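Notes for the structure review
Okay, here's what each chain looks like letter by letter:
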Amino acid sequence: MHRPVLRNAPLLAAGAAVLAVTAAAAPAADSVPHARQAKSPVAVGYGGAVASVDADASAAGIEILRRGGNAVDAAVATAAALGVTEPYSAGIGGGGYFVYYDAKSGKVHTVDGRETAPGSADETLFLEDGEPIAFDEAVTSGLSVGTPGTAATWDAALDAWGSKSLAQNLKPAERLARDGFTVDETFRQQTADNEERFRNFPATVDLFLPGGELPVVGSTFKNPDLARTYAELGKKGTGLFYRGALGREVVDTVRQPPVGPDQEHQVRPGDMTTGDLRGYRTKRQAPSHTDYRGLDVYGMAPSSSGGTTVAEILNILERSDVSSLSEEQYLHRFVEASRISFADRGRWVGDPAFEDVPTKALTSQRFADARGCLIKEDAVLESPVAPGDPHRPRACGTGGPAVATTYEGRDTTHLTTADKWGNVVAYTLTIEQTGGSGITVPGRGFLLNNELTDFSFTPVDPEAPDPNLPGPGKRPRSSMSPTIVLRDGEPLLAVGSPGGATIITTVAQTLTNHLDRGMPLVDAIAAPRASQRNAAKTDIEPGLWNSPVREGLEGLGHEFGQSSEIGAATGVQRMPDGRWLAAAETERRGGGSAMVVRPHGRP
Ligand code: GLU
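A brief report on the enclosed structure follows. (Residues numbered from 1 in each chain as written. Predicted model: local features only at pLDDT ≥ 70, side-chain atom pairs only at ≥ 80, totals over all residues. Heavy atoms only, no water.)

Brief notes about the pattern of salt bridges
- Evaluation of the coordinates by the stated rule reveals 29 salt bridges.
- Across the salt bridge formed by Glu 63 and Arg 67, the nearest N and O atoms sit 3.2 Å from each other.
- Overall, Glu 63 belongs to the buried group, its relative accessible area being 11%.
- By relative accessible area, Arg 67 is classed as exposed at 54%.
- When the shortest N-O distance is used, the salt bridge between Arg 475 and Asp 112 registers 2.9 Å. Taken together, the residues Arg 475 in the loop between strand E12 (424-430) and strand E13 (483-487) and Asp 112 in strand E3 (residues 107-113) connect sequence positions 363 residues apart.
- One connected set of salt bridges, linked through shared partners, spans Lys 171, Glu 174, Arg 178 and Asp 179. (Salt bridge = Lys/Arg side-chain N within 4 Å of Asp/Glu carboxyl O. Buried < 20%, exposed > 50% of the residue type's maximum accessible area, 1.4 Å probe, protein only. Helix = DSSP H or I, 4+ residues; strand = E, 2+ residues; numbered from the N terminus.)

What follows is the structure in structure tokens.
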């Protein structure tokens, strides 16, 4: 195993570069009123930090930190605000994964708030007459709506580690929903992309197509229904959702999707019951863990495949001194490590309550060494690559037939928070596709997820076991990868991203860009991305497509497809001098929003 890198030098250099950016671009958070802050992709200072895709949402988290809340409180406040400003990506109609570093104990904890299939579900959930229904039809249906986990995640996290009540943490978001936010190009475009299917549902039209039209860029978008829902949730607690009136409305909506007379598509009902809601539980489970060049990398263990797959990619890359490789050599190894790791993800990862998932073995260096053996310096592996056998790792051995990776939606949102006590949260939440199922709970101001389409509709290969078939109460396999990295037991950085299965490659690439290749965190996030998921073609962004590196890699045998954008990452980093640095996208999705409590002054 090779572990020469991780000197302090790149991190210190990172700090210097970032300071220069901050001085030029970041607004003084103290002097700007809430919800009117300019977007900056990087901020550095004291008192805590928040990074999300949206300035109003980051401001909600900062407001809670200023009022004495901790990183967990701030994460809930930011997530609730994202439910207002990013309603097509996240909200209480969905689920997610929460990773938390607790400064007092030095331990990393997680909450698995993934949606679950109804108790009546079995492997035939998405079959009709033995045939899988069309993916798009499944998306816009009650059938794909999993029992939501987001409100329960907030409750569980606050209960265990928060310092403020749910009501207090929901306040900024409630205000934002009532007073409104300014429509930007991304929001209008996402509405336009969904317009046709949204028109099936009058409640969705009322909410997202005001006056029957697309929201106008620059106008104020208000969601009084959601403001009321948040207020009621704050007052009555999440029992309102899991055991009360709101839950009954969710169930009615799923069982009888409220389509209008203009309905153009068949909208299948789902079978969620009030019993499913009552029985819903988040899971507190050990994080996934791997050692990467002396650092401790913690992530989300299954039911997400994020933690194990990021770990395997890193462990394969750890076999070489990435810091001394050219960009072409690095990308070759990164792409091949991703290809191999996705083969293992497909074969071995599903909901561990139903499947025997070898989490420890998948994240071990021994397994990565056996798999990394496949990589050639001067040639590209043929896809799909067959999985290995983590139970009995053999150098370059296989553990079953090669199967292709299934499709996953690509929209979600990730946020990262830190506080003055040193606690850190990485939290990824989603309603699956942009716009989820397209079904709004009437009068409640939020969309329901289509998370169950993350299941395999049929076994990917009839000859091969598939751990991701639907089952009663089962969690569909996710790719969400909220990640926290510790050095000597202290937080070094936290990152995560949306992007369906590309989340995994985005997080692994961002980590190696920063940790091995010396890029400041904001540059590590901004760098053009490549995503290989055990397919013939690797998706690359225009920055790589238009680079001479592509030609070099094609010479080795790589094939590429161009993808306009992959992921939308955010992160926080502890600087060597004790300040927090928050970082977000510079360009993707219109740029993200990084903020700190005090950009100036002392600890
Ligand atoms: N459903 C996806 C997952 O759980 C997330 C969707 C996305 O990132 O767009 O991995």
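Some words on the nonpolar core
- One finds Val 424, Ile 484, Leu 493 and Leu 511 to be the most contacted residues of the largest nonpolar core, which totals 70 residues.
- Among the elements that line this core, the one with the most residues is helix H14 (residues 327-348), at eight residues.
- Setting aside its immediate chain neighbours within four residues, Leu 511 contacts Val 310, Leu 314, Thr 483, Val 485, Leu 493, Val 495 and Asp 516.
- One finds Phe 208, Phe 241, Leu 415 and Val 441 within the second-largest nonpolar core, a separate group that totals 68 residues. (Core = buried A, V, L, I, M, F, W, Y, C linked by side-chain atoms within 4.5 Å. Contact = heavy atoms within 4.5 Å.)

Considerations on the packing of helix H2 (residues 55-66) against helix H3 (residues 71-85)
- Interhelical geometry of H2 versus H3 gives an angle of 150° and a closest axis separation of 7 Å. Classified by the interaxial angle, the pair formed by H2 and H3 is roughly antiparallel. The handedness of the crossing between H2 and H3 is right-handed. Here Asp 56, Ala 57, Ser 58, Ala 60, Gly 61, Ile 64 and Leu 65 of H2 lie close against H3, whose contacting residues are Ala 71, Asp 73, Ala 74, Ala 77, Thr 78, Ala 81, Leu 82 and Thr 85.
- Here the contact of H2 with H3 is composed, by residue class, of nine nonpolar, four polar and two charged. (Axes fitted to C-alpha atoms, helices over the stretch in contact; angles between N-to-C directions. Parallel < 35°, antiparallel > 145°, perpendicular 65-115°, else oblique. Left-handed = near helix turned anticlockwise from the far one by under 90°. Nonpolar A, V, L, I, M, F, W, Y, C, P; charged D, E, K, R; others polar.)

Purely geometric numbers; function is a separate question.
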